[in-house]
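One-letter residues, chain by chain:
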Amino acid sequence: MSTPPERTAAPERPADPERLAGLLDADSFLETGRAAGTVVGHGTIADQPVCVHLTDHPTVAGLALVTRLVDLAARTGCPVIGLFGDGGKTGEAEALMGPTGRLQRTMTRASGVIPQVIIVSGALDGAAAVTAALADVVVLAGSDARLQGPSDDALATAGATAQPWPADAATEDEASACAWVRTMITFLPQNNLSDPVPGDPDVPAGPALPEPPTADHRPYDVHPVINSILDDGGLFELRVDHAPHLVCGFGRLAGRTVGVVADQPEMLGGCLDAESAAKAARFVRLCDAFNIAVITMVDCPGFLPEQDSRAVSAAAALVHALAAASVPWLSVITGRALGPSYEILASRDLGADLVLGWPHARIAATSPQAEVRRRHHDQLADAEDAETLRAEFLEAVAAERTAEHALSEGLVDLVVSPAETRRHLVRSLALLSSKRDDQPPRKHGNIPL
């Protein structure tokens, strides 16, 4: 029977506003409340107002202050950023049950209204971890920081080992986390009613792509591909170490913030799986909540083999997120878009507003190998030299899966060279900036979880 790791309490530090120095603009913090272990107030980042709370360890009075601050932020349309030291002392757990629930409800009601960011510098489990996970973006600061659902008592009872929750970033210390958040928050608007920043076609592009991917679909790093399309400065990536075979992050295109979801052929061939699909779904919903256009960059042969039912649920969640999104959705097929990878990440019928294909792209409902098996099973079974015949069949099938063929079938809007891709995306995004997507009245959709 395995035993949970011994929890090391984070060193107790006073809730000192000086710890916010790397987060806020100089001399901008104004304290509006204080309780044992908690300070709340507001300041600015890049001259934009933000509400902030700093909690060394939660208390009844401190959680009440934080709840009021989140409610104020939602009513004024202002992002809220919180710093949590740890989840509280064991002897206080029962007293915190009510105040924790009130904070969770307030955060839930503010979800999708204002950006919510949490920096964690201690060990949070149980209700405290759930509270942090309600934020749009969670950053772990330092080696002691972690989020885990079950408490240590529950782990000991079950004889299990904690599985840490994947945060959006992990940094060396709290100062580094504050610097990371300070940059990240500039990609987000103040609230869900803020209009996107107007575009500027004169903004310089990132570095040119040295070697575009080729038709033989060898593994390559997708980051230079992404950065060649975005403005100079490139991609600001989230969840770098979680499901790295799919890349998610913010960037700017002619000055406008965009969210990028890209397969990473360098890892697992760029295949989708449960973890990467769930990662993409969460990111797409964040973009859609705050009027951020989504760009999907597709080079994916499909799902990893031997995936369990979690992959189906995660794929359905990603489909739901993209199909329900009302923001502009632009897709670039840079390599393979086979079967579900096209249907999920690049389909015009699912809701993509523009689908571009690079000349060497291969787009089809199934892989060439599966299509050859379907069409030529009997011929291959009777052939004297099956491997040579299979290679001929594969070449013939591949010739049918070109981007030009996909264009004639209405699967893509345009076949463009890598060098022309940015220009088409910039102009299309300018057109789509006034996109309106009216949906039937309802309380909410039922995303497959």
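Residues numbered from 1 in each chain as written. Predicted model: local features only at pLDDT ≥ 70, side-chain atom pairs only at ≥ 80, totals over all residues. Heavy atoms only, no water.

Below, the discussion takes up the pattern of salt bridges. In this structure the tally under the stated criterion is 12 salt bridges. The partner of Arg19 in a salt bridge is Glu174, with the nearest N and O atoms 2.8 Å apart. Taken together, the residues span a long stretch of sequence, with Arg19 in the segment before strand E1 (30-35) and Glu174 in helix H5 (residues 174-184) at a distance of 155 residues. Accessibility expressed as a relative area gives 16% for Arg19, which makes it buried. Linked by salt bridges that have partners in common, Asp168, Arg239 and Arg282 make up one network. (Salt bridge = Lys/Arg side-chain N within 4 Å of Asp/Glu carboxyl O. Helix = DSSP H or I, 4+ residues; strand = E, 2+ residues; numbered from the N terminus. Buried < 20%, exposed > 50% of the residue type's maximum accessible area, 1.4 Å probe, protein only.)

With that settled, the discussion passes to the environment of Pro301. Inspection of the secondary structure assignment puts Pro301 in the loop between strand E13 (293-300) and helix H8 (309-324). On a C-alpha basis, the gap between Pro301 and Ser341 in space is 6.8 Å, while along the polypeptide they are 40 residues apart.

Considered for burial, the residues of H5 that qualify are Glu174, Ala177, Cys178, Trp180, Val181 and Met184. End-on view of H5: buried residues confined to an arc of 160°, all on one side of the axis. Its buried side turned inward, H5 meets strand E4 (80-84), strand E5 (116-120), strand E7 (137-141), strand E9 (169-171), strand E10 (236-238) and strand E11 (246-253). For H5, the N-terminal cap is Asp173; the gap from its side-chain oxygen to the backbone nitrogen of Ala175 is 3.3 Å. (Arc of directions from axis to C-beta. Contact = heavy atoms within 4.5 Å. Polar contact = N/O pair within 3.5 Å; in protein donor to acceptor, adjacent residues only side chain to side chain.)

Taken across its five residues, E5 has five buried, putting it largely inside the fold. Alternating positions in E5 separate into two faces, Gln116, Ile118 and Val120 on one and Val117 and Ile119 on the other, with burial throughout. Bridge count for E4 against E5 is five bridges, and the pairing is parallel. Residue pairing for E5: Gly82 is matched across the bridge by Ile118. Sheet topology places E5 next to E7; four bridges connect them, and they run parallel. (Pairing = 2+ DSSP bridges.)

With that out of the way, let us pick up the packing of aromatic side chains. Taken as a whole and judged by the stated rule, the model has four aromatic pairs. Considering the side-chain rings of Trp180 and Phe236, the 5.0 Å spacing of their centres and the 40° angle between planes classify their relative orientation as tilted. In this pair, Trp180 is assigned in helix H5 and Phe236 in strand E10, connecting sequence segments 56 residues apart. Of the two residues examined, Trp180 and Phe236, each falls in the buried class. (Phe/Tyr/Trp six-rings, centres within 6.5 Å; stacked < 30°, edge-to-face > 60°.)

Spatially, seven strands are ordered E1-E2-E3-E4-E5-E7-E9 in an open sheet, and the strand pairing comes out mixed. The sheet is open, and its two edges are formed by E1 and E9, each paired on a single side. Along the sheet, successive strands turn relative to each other by an average axial angle of 20°, direction set aside. Note that E7 and E9 share three bridges and pair parallel. Bridge pairing in E9 links Ala141 to Thr171. (Axes fitted to C-alpha atoms, helices over the stretch in contact; angles between N-to-C directions.)

Bringing the nonpolar core into the picture now. If you look at soluble globular proteins, the nonpolar side chains tend to sit buried side by side. Counting 69 residues, the largest nonpolar core has Leu23, Trp180, Met184, Phe250, Leu318 and Ile333 as the members making the most contacts within it. Considering each element in turn, this core owes the most residues, eight residues, to helix H7 (residues 274-289). Every residue in contact with Met184, bar those within four places of it in the chain, is listed here: Val117, Val137, Phe236 and Phe250. The next biggest cluster of nonpolar side chains, apart from the first, holds 28 residues, and it includes Cys78, Phe84, Leu96 and Ala135. (Core = buried A, V, L, I, M, F, W, Y, C linked by side-chain atoms within 4.5 Å.)

Pairs of packed helices are described in terms of their axes, by the angle between the two and the distance that separates them. Contact pair H7 / H8: the axes reach a minimum separation of 8 Å and the direction vectors enclose 20°. Taken together, the axis directions place H7 and H8 in an arrangement best described as roughly parallel. Once H7 is placed against H8, the crossing between them reads as left-handed. Facing Ala274, Glu275, Ala277, Ala278, Ala280, Ala281, Val284, Arg285 and Asp288 of H7, the residues of H8 in contact are Arg310, Ala311, Ala314, Ala315, Ala317, Leu318, His320, Ala321, Leu322 and Ala324. For the contact of H7 with H8, the residue count by class is 14 nonpolar, one polar and four charged. (Parallel < 35°, antiparallel > 145°, perpendicular 65-115°, else oblique. Left-handed = near helix turned anticlockwise from the far one by under 90°. Nonpolar A, V, L, I, M, F, W, Y, C, P; charged D, E, K, R; others polar.)

Okay, the side chain of Thr171 next. One can find Thr171 in strand E9. Residue classification places Thr171 among the buried positions, given a relative accessible area of 16%. Only 3.0 Å separates the side chain of Thr171 from the backbone oxygen of Asp173, close enough to count as a polar contact. Setting aside anything within four residues of it in sequence, one finds Thr171 in contact with Val139, Leu140, Ala141, Gly142, Ser176, Ala177 and Trp180.

Here Val225 lies in helix H6 (residues 223-229). Excluding residues that lie within four positions of it along the chain, Val225 makes contacts with Leu209, Pro213, Tyr220, Met297, Thr334 and Trp358.

Attention now moves to the confidence of the model for the protein chain. Predicted coordinates in regions of low pLDDT should not be interpreted in detail. Looking at the protein chain as a whole, its pLDDT mean stands at 87, while 83% of the residues score no less than 70. Segment residues 1-11: pLDDT under 50, and 21 contacts once partners within four positions in sequence are set aside and those in other chains are kept. (pLDDT = per-residue confidence, 0-100.)

With that out of the way, let us pick up unusual backbone geometry. Even without glycine at this site, Asp47 takes up a positive phi of about 70°. One can find Asp47 in the loop between strand E2 (38-45) and strand E3 (48-55). The backbone of Ala254 shows a phi angle near 55°, a positive value even though the residue is not glycine. For Ala254, the location among the structural elements is in the loop between E11 and strand E12 (256-263).

Let us now look at the pairing of E12. Extensive coverage of E12 is indicated by the burial of eight of its eight residues. Judged by which residues are buried, E12 turns out to be covered on both faces: Arg256, Val258, Val260 and Ala262 on one side and Thr257, Gly259, Val261 and Asp263 on the other are all buried. Sheet topology places E11 next to E12; eight bridges connect them, and they run antiparallel. Within the sheet, the bridge partner assigned to Phe250 lies in E12 and is Gly259. The antiparallel hairpin formed by E11 and E12 contains two residues in its connecting segment, where Ala254 sits at a positive phi of about 55°. Running through H7, the crossover from E12 to the neighbouring parallel element E13 is right-handed. (Right-handed = clockwise from strand over helix to strand, strands pointing away.)

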